[in-house]
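Topology and contacts: notes
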Amino acid sequence: MIVVLKQNPNAEQLESLIAWLKEKGISIHTSAGENHTILGLVGDTSQLDMDLIAALDIVEDVKRIQEPFKNANRKFHPADSEIPVGNTQIGGDTLTIMAGPCSVESEAQIVGIAKAVKASGATMLRGGAFKPRTSPYSFQGLGERGLEFLKVARQETGLPIVTELMDLSQLPLFKDVDVIQIGARNMQNFDLLKAVGHQEKPVMIKRGMAATYEEWLMSAEYVMSGGNENVILCERGIRTFETYTRNTLDLSCIPVLRRLTHLPIVIDPSHATGKSWLVEPMACGAVATGADGVLIEVHNDPAHALCDGPQSLKPEEFDRVAAKLLKIHETVKAL
Ligand code: PEP
Ligand code: MN
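Rules and cut-offs
- The residue numbers shown here count from 1 along each chain, following its written sequence.
- Going through the entries in the order they are written, you letter the chains from A and number the ligands from 1.
- Under the rules for a predicted model, residues below a pLDDT of 70 receive no local features and side-chain atom pairs below 80 are neither given nor counted, while totals for whole chains, interfaces and linings still include all residues.
- Values shown for side chains rest on all heavy atoms present in the structure; no hydrogens or waters enter the calculation.
- Strands are treated as partners if at least two bridges between them are detected by DSSP.
- Runs of H or I in DSSP of at least four residues are treated as helices and runs of E of at least two as strands, each being numbered from the N terminus.
- For every element, the axis is a line fit to its C-alpha atoms; helices are fit only across the contacting stretch, and the angle between N-to-C directions ranges from 0 to 180 degrees.
- What makes two residues a contact is simply this: any of their non-hydrogen atoms within 4.5 Å.
- In this analysis, the expected span of each helix is defined as 1.5 Å times one less than the number of residues it contains.
- Here the term buried applies to any residue with accessible area under 20% of the maximum for its type, exposed to any over 50%, and partly exposed to those in between, with areas from a 1.4 Å probe on protein chains only.
- For Na, K and Ca the donor cutoff is 3.2 Å, while for all other metals N, O and S atoms must lie within 2.8 Å; water is not among the atoms, so some sites may look incomplete.
- Points on a 1 Å grid, built from protein atoms alone, make a cavity when a 1.4 Å probe fits but cannot get out and make a pocket when they are open with protein on both sides within 12 Å along at least 5 of 7 lines; residues with an atom within 4 Å of a point are the lining residues.
- Grid points are joined across faces, edges and corners, and a volume is the space filled by probe spheres set on the points.
- By the convention adopted, Pro, Cys, Tyr, Trp, Phe, Met, Ile, Leu, Val and Ala count as nonpolar, Lys, Arg, Asp and Glu as charged, and the other residues, Gly among them, as polar.

**Description of the sheet that holds strand β10 (residues 179-182)**
- In spatial order, the strands read β7-β8-β9-β10-β11-β12-β13-β14; together these eight strands close into a barrel with parallel pairing. Ignoring which end each strand starts from, the neighbouring axes of this sheet average 25 degrees apart.
- Pairing analysis gives two bridges linking strand β7 (residues 96-100) to strand β8 (residues 124-126), with the strands arranged parallel. Bridge pairing links Met-98 to Met-124 in β8.
- Helix α6 (residues 213-225) rests against β11 (203-206) and β12 (231-235) of the sheet, and its axis sits at about 155 degrees to β12.
- This element, helix α7 (residues 253-260), spans β12 and β13 (265-267) of the sheet and lies at about 165 degrees to β13.

Written out as structure tokens, the structure is:
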């Protein structure tokens, strides 16, 4: 349910409305807009008498929200969310460019790539330390050592780091990570979502391979209902009947999510296509369509990468793509 307040509501009446709602076990999400303040009510609102609330002096309008996601709903929070991360932010006017290898392979590798992508305009460094691999015989990531190498790369470049949390037991190791990534395979690991909802680091939730928008937004809701509103959504391609590309990139998620939610949207053309030559056109399409950011895999030697070499750009290729993306973003902003 949302309660739209009249302009300059009487403070005492507002306080008593909020106290009354809290007494009923309802939590309140306040969104102060230019003209009106909106109270988003979360909890069992079926017990509330809408007419009674609508009749209050300070209330302009009361509406029920049909969608099961509340905190993530744009109706609760009409303005786009901007999430501060280190010296940058995700959402708003900034184009976030997350770049780096699929997996951290060594200190020299991640530091070298971090320096290169930073020089090309990346705003964040990505790299997996804990890797969800389809085969147990594939490289599983460097684990804790990989996280340490990422921190060295951050120190050397100033780039905030985004890396995947696979399991609850790893959470204490992630205290110093800037953005926690929840991978596609864990999008509905509800215990993991609850745990990251009870801490403060921003959380980027990748779309599950067969997840609907509503399921994806309900995963965001799990994190937000725990108190952590810093959620980013990342489309990384979904499973369809097409096998030419690794997955099928669903760019229509950008306008659809814009309508449904206030959360920032990042597009990952690398995992979506699985082919390095498709990364540039799809990243351009994503930025032109209004994505808040892209996630691009970059490797110094893709042919010998321990993971996802075929979809990785070389640093010099990334340099060209990043320059193009920044130009497209400037153009889109000016339209
Ligand atoms: C990744 O970003 O390295 C990754 C494994 O992504 P996804 O969860 O989208 O497959
Ligand atoms: Mn990868």
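**As for helix α3 (residues 107-120)**
- A rise of 1.5 Å per residue sets the reference length of α3, with its 14 residues, at 20 Å; its end C-alpha atoms lie 20 Å apart and thus fit the reference within 8%.
- Taken as a whole, α3 has its buried residues at Gln-109, Ile-110, Val-111, Ile-113, Ala-114, Val-117 and Ser-120.
- Buried residues in α3 make contact with β7, β8, α4 (144-157) and α10 (315-334).
- With its phi angle positive at about 115 degrees, Gly-121 sits one or two positions after the end of α3.

**With respect to the coordination of the manganese ion (ligand 2)**
- Only Cys-102 (SG), His-271 (NE2), Glu-297 (OE) and Asp-308 (OD) from the protein reach the manganese ion (ligand 2) as donors, at distances of 2.0 to 2.4 Å.
- Counting residues between consecutive donors of the manganese ion (ligand 2) along the chain gives the motif C-x168-H-x25-E-x10-D. One end of the pair, Cys-102, is in the loop between β7 and α3; the other, His-271, is in helix α8 (residues 269-273), and 169 residues separate them in sequence. Exposure class is identical for Cys-102 and His-271. Each is buried.

**A look at unusual backbone geometry**
- Despite not being glycine, Asn-8 has its phi angle at roughly 45 degrees, a positive value.
- At Asp-308, a position not held by glycine, the phi torsion is positive, near 60 degrees.
- With respect to the helices and strands, Asp-308 occurs in the loop between β14 (293-297) and α10.

**Brief notes about empty space enclosed by the protein**
- Under the defined criterion, the tally for this structure stands at one cavity of 30 Å³ or more.
- There is about 30 Å³ of room inside the largest cavity.
- Along the walls of the largest cavity sit Arg-126, Gly-127, Gly-128, Lys-131, Val-162, Thr-163, Glu-164 and Gln-181, which together make up its complete lining.
- In terms of residues, the lining of the largest cavity owes the most to one element, strand β9 (residues 161-164), which gives three residues.
- Residues belonging to the lining of the largest cavity are distributed by class as follows: one nonpolar, four polar and three charged.

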